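Secondary and tertiary structure notes
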Amino acid sequence: MDNLQGLMDQAPELIVTYGMKILFAVIIFVIGKFLAGVAKKLTTKLLKKRKVDETVTSFVSNIAWSLVLVFTIVATLGQIGVQTASLVAVIGAAGLAVGLALQGSLSNFAAGVLMVLFRPCRVGDYVEAAGIAGTVSEITIFSTKLLTPDNKVIIAPNSAMMDGTIVNYSAMETRRLDLVIGVSYDANLAETKKVLTSILDNSQYVLKDPAYTVAVAELADSSVNFVVRPWVKGSDYWPAHFEILEQIKVALDEAGIGIPYPQMDLYVKETPAS
């Protein structure tokens, strides 16, 4: 009873003491979380001002946000009365176990660092990796976000991106169109070549340098195949592809040059009645 009475007497003092600690801890956490957001925005603004690549900007700003948030959590626990020195030791001891349990996440983090350092792709590049293809919209600490041409969002682990082959279609300013055009064996090859080169000479997309190639590539089973290989800007690849194919079909029709298609000849043999 004496102990209970003593606790009752100390209750107001305990409530005030620990209540204030909890209140200050909440205030520290709210302010720290706000500062984490501010740190992320300032880091992004500073790096953009110095014209740092957007991929690096996004990655570094996410790390800045994480570091401030971790510091905030430690400060909040210290305000409540948790021994932060012991907490750090416990975290360090548990780090190994957590690291073993989260090998995938750590490998994703390491792959993210490698992607920022070596830059196999950047934000805005159209890439094909990990069995998917799309435009890189964001590279975070653990994953890469891709936007497909039909407006789907794909989130791929960084380790999957780095462990396989990355085909970057936007890395170079120019790309080559590789078209194969088959014409009839009855067609005049010189006239056909003249028609094809005329289309490329008058195309708004075809670059003068490097020079394009128009040549006979194969004498196939039912057609003579020409290769048409103009160089275009990377951003004009698909518009050029669609327009040049259409113009080739129209021009060959106007010149009376046939484009063969698969066909089969049937021979019917009559058997005299017995």
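Everything below is about the structure printed above this text.
In this text, all values refer to a predicted model and were calculated from it rather than measured experimentally. (Residues numbered from 1 in each chain as written. Predicted model: local features only at pLDDT ≥ 70, side-chain atom pairs only at ≥ 80, totals over all residues. Heavy atoms only, no water.)

What follows concerns the nonpolar core. Ranked by internal contacts, the top residues of the largest apolar core, which has 23 residues, are V183, I244, I248 and L252. Of all elements in the fold, only strand 7 (179-183), helix 6 (189-202), strand 9 (224-229) and helix 7 (237-254) reach the threshold of two or more residues within this core. A total of six residues in this core trace back to one element, the largest contributor, which is helix 7. Here V183 is in contact with T192, S223, V224, F226, L252, I257, G258 and P260, once residues within four sequence places are set aside. (Core = buried A, V, L, I, M, F, W, Y, C linked by side-chain atoms within 4.5 Å. Buried < 20%, exposed > 50% of the residue type's maximum accessible area, 1.4 Å probe, protein only. Helix = DSSP H or I, 4+ residues; strand = E, 2+ residues; numbered from the N terminus. Contact = heavy atoms within 4.5 Å.)

For the structure on display, the rule yields three aromatic pairs. Taking the centre distance of 5.8 Å and the plane angle of 50 degrees together, the rings of Y126 and Y169 count as tilted. With Y126 in strand 1 (residues 126-129) and Y169 in the loop between strand 5 (167-168) and strand 6 (174-176), this pair connects stretches of sequence that are 43 residues apart. Joined through ring pairs, the aromatic side chains of Y237, W238 and F242 make up one cluster. (Phe/Tyr/Trp six-rings, centres within 6.5 Å; stacked < 30°, edge-to-face > 60°.)

Here we take up the packing of helix 6 against helix 7. Orientation of helix 6 relative to helix 7, taken along the N-to-C sense of each, is 140 degrees, at an axis distance of 10 Å. When the interaxial angle is binned, helix 6 and helix 7 end up oblique. The handedness of the crossing between helix 6 and helix 7 is right-handed. Along the contact surface, helix 6 presents T192, V195, L196, I199 and L200, while helix 7 presents I244, Q247, I248, A251 and L252. (Axes fitted to C-alpha atoms, helices over the stretch in contact; angles between N-to-C directions. Parallel < 35°, antiparallel > 145°, perpendicular 65-115°, else oblique. Left-handed = near helix turned anticlockwise from the far one by under 90°.)

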